[in-house]
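# Commentary on secondary and tertiary structure
Residue strings, one per chain:
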Amino acid sequence: MENQPEQTPKKNSNVIYFLIVVVVALLGTDVYLYLQKNKSDVIIVNQSDEKSRLNTELDSLEAQVEQVNASKTKMSASMQAKNDSLQSRIKVLRIELKKGTLTKAELAEAQENVKQLRYFVAKYTNDIDSLQKTNANLTVQRDTIKRNLAVVKSQADTLTKQNKDLSNKVQIASALKVAEFGVGAYKVKSSGKEVEVTRSSPAKELKISFTVASNAVAQKGLHTIYIRIMDPTGNQITATDSGPFSSDGQDLQYTYKTSVDFKDDGSPYVVNWLNPSPFTKGTYTVVLYADGYTMGKSSVTLK
């Protein structure tokens, strides 16, 4: 009976040790739960920050694509398809990032998709830049060709004008011109002899005599001579066989025409023109034309 008081304190000590162990275990559990909660909060915060960063990067990528579209560069069918694909992928990623929560795997997939998208946008932008440079070079080449064509056309026009001027000069130079030119009125006797007269009443014809000036560039051979005769009133005398011709840039009508064989030897030529109407007092003017130009002019006055 004397040993009982000693056992009571020992039991109390065991209880105290047990309570201490329990308290320590509870504290350890609280610390573990606290640390786990903080770790979870850090992951959530990191995920939120990553989503914000990815959204910002999507904004940048979308701005690049829109800037390319704003340039209005004419795209090929394949480039237009790539453009549409990029815009579609950006929209899909935005929808995924708008989810309330993302698992670690989903976040990693989103990061990889944005990484790939960044590569494709960079390549697409480079392709557009290359296309714009090519178009700019083509524009420069086109403008250069236009300028060269304009220069060539101007030179061709100048040469054409020079050739035309030269041709005109050659044509003028090769046209026959009279060296000596005379006109006389004649009557014809019953014997057939021609006698020159100065009065209008007996006159029946005009004798037109001329020589052609020497011309080394004129074509040798037959040349048509057109003759216009004006009466004292200034009116041109025409007949039923009169017709049109051109000379000195004008359309005219001849009174009579003939041909001469030009040999460039100073040979004289004579043309007898019978007046279909009686001569009147006054001056008759005779103008000769050949090769599109005036050869010479002379006149005779009858009393």
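Residues numbered from 1 in each chain as written. Predicted model: local features only at pLDDT ≥ 70, side-chain atom pairs only at ≥ 80, totals over all residues. Heavy atoms only, no water.

## Remarks on the overall build of the chain
Our working definition: Only runs of H or I of at least four residues qualify as helices and only runs of E of at least two qualify as strands under DSSP, and these elements are numbered from the N terminus. Exposed residues in this analysis have more than 50% of their type's maximum accessible area, buried residues have under 20%, and partly exposed residues fall in between, with area computed by a 1.4 Å probe over protein chains only. Between two residues, a contact is recorded if the distance between any of their heavy atoms is within 4.5 Å.
The number of helices and strands found in the chain is 3 helices and 10 strands. Taking all 303 residues of the chain together, the buried fraction comes to 28%. Within the chain, contacts between residues at least 6 apart in sequence are counted, and of these 70% link residues at least 24 apart.

## Section: the sheet that holds strand β9 (residues 282-290)
Here is the rule we go by: In this description, strands pair whenever DSSP reports at least two bridges between them. With axes taken as lines fitted to C-alpha atoms, and helix axes fitted only over the stretch in contact, angles between N-to-C directions fall between 0 and 180 degrees.
Within the open sheet, the 4 strands sit side by side as β7-β4-β9-β10. Their pairing is antiparallel. The sheet is open, and its two edges are formed by β7 (256-262) and β10 (293-302), each paired on a single side. On average, each strand axis in the sheet is tilted by 25° relative to the strand beside it, whichever way the strands run. For β9 and β10, the ladder comprises 9 bridges, and the chain directions are antiparallel. Pairing of V286 across the sheet is with S298, part of β10.

## A closer look at the sheet that holds strand β2 (residues 194-197)
The sheet built from 4 strands is open, its strands ordered β2-β1-β3-β8 with antiparallel pairing. Two strands lie at the open edges of the sheet, namely β2 and β8 (268-274), each paired on one side alone. Neighbour-to-neighbour, the strand axes of the sheet open up by a mean angle of 40°, direction not taken into account.

## Examining the packing of aromatic side chains
To be explicit about the condition: Pairing of aromatic rings covers Phe, Tyr and Trp, the last counted by its six-membered ring, and requires centre-to-centre distances within 6.5 Å; plane angles under 30 degrees mean stacked, over 60 mean edge-to-face, and any other angle means tilted. Both a distance and an angle decide whether a charge sits over a ring: NZ of Lys or CZ of Arg must be within 6 Å of the ring centre and within 35 degrees of the ring normal.
This model, assessed by the stated rule, comprises 8 aromatic pairs. Centre to centre, the rings of Y226 and F245 are 4.6 Å apart; their planes meet at 5°, and the pair counts as stacked. Placement of the pair is Y226 in strand β4 (residues 221-230) and F245 in strand β5 (residues 244-247), with a sequence separation of 19 residues. Clustering of aromatic rings is evident, with ring pairs tying together Y226, F245, Y254 and Y289. Here the guanidinium or amino end of K207 rests over the ring plane of Y186, the centre of that ring lying 5.1 Å away.

## Re the pattern of salt bridges
As a reminder, the rule being used: In the sections that follow, a salt bridge refers to a side-chain nitrogen of Lys or Arg positioned within 4 Å of a carboxyl oxygen of Asp or Glu.
Scanning the model with the defined rule gives 3 salt bridges in all. In this structure, D143 engages R142 in a salt bridge whose closest nitrogen and oxygen atoms are separated by 3.2 Å. For D157, the salt bridge identified is with K153, shortest N-O distance 3.1 Å. Here the residue D157 and the residue K153 both occupy positions in helix α3 (residues 104-174), the gap between them amounting to 4 residues, near one helical turn. Residue classification places K153 among the exposed positions, given a relative accessible area of 52%.

## A look at the nonpolar core
Here is the rule we go by: Only buried residues count toward a nonpolar core. Its members are Ala, Val, Leu, Ile, Met, Phe, Trp, Tyr and Cys residues joined through side-chain atoms within 4.5 Å.
Core analysis: the biggest nonpolar cluster contains 29 residues, and L206, F210, V286, L288 and M295 have the highest contact counts within it. Elements that contribute at least two residues to this core include exactly β1 (178-188), β3 (205-212), β4, β7, β8, β9 and β10. Contact partners of M295, with chain neighbours within four places excluded, come to L176, K177, V178, F210, V212, I225, L288, Y289 and A290. Counting residues in each nonpolar core, the second largest holds 10 residues, with L61, I90, L97 and V121 among its members.

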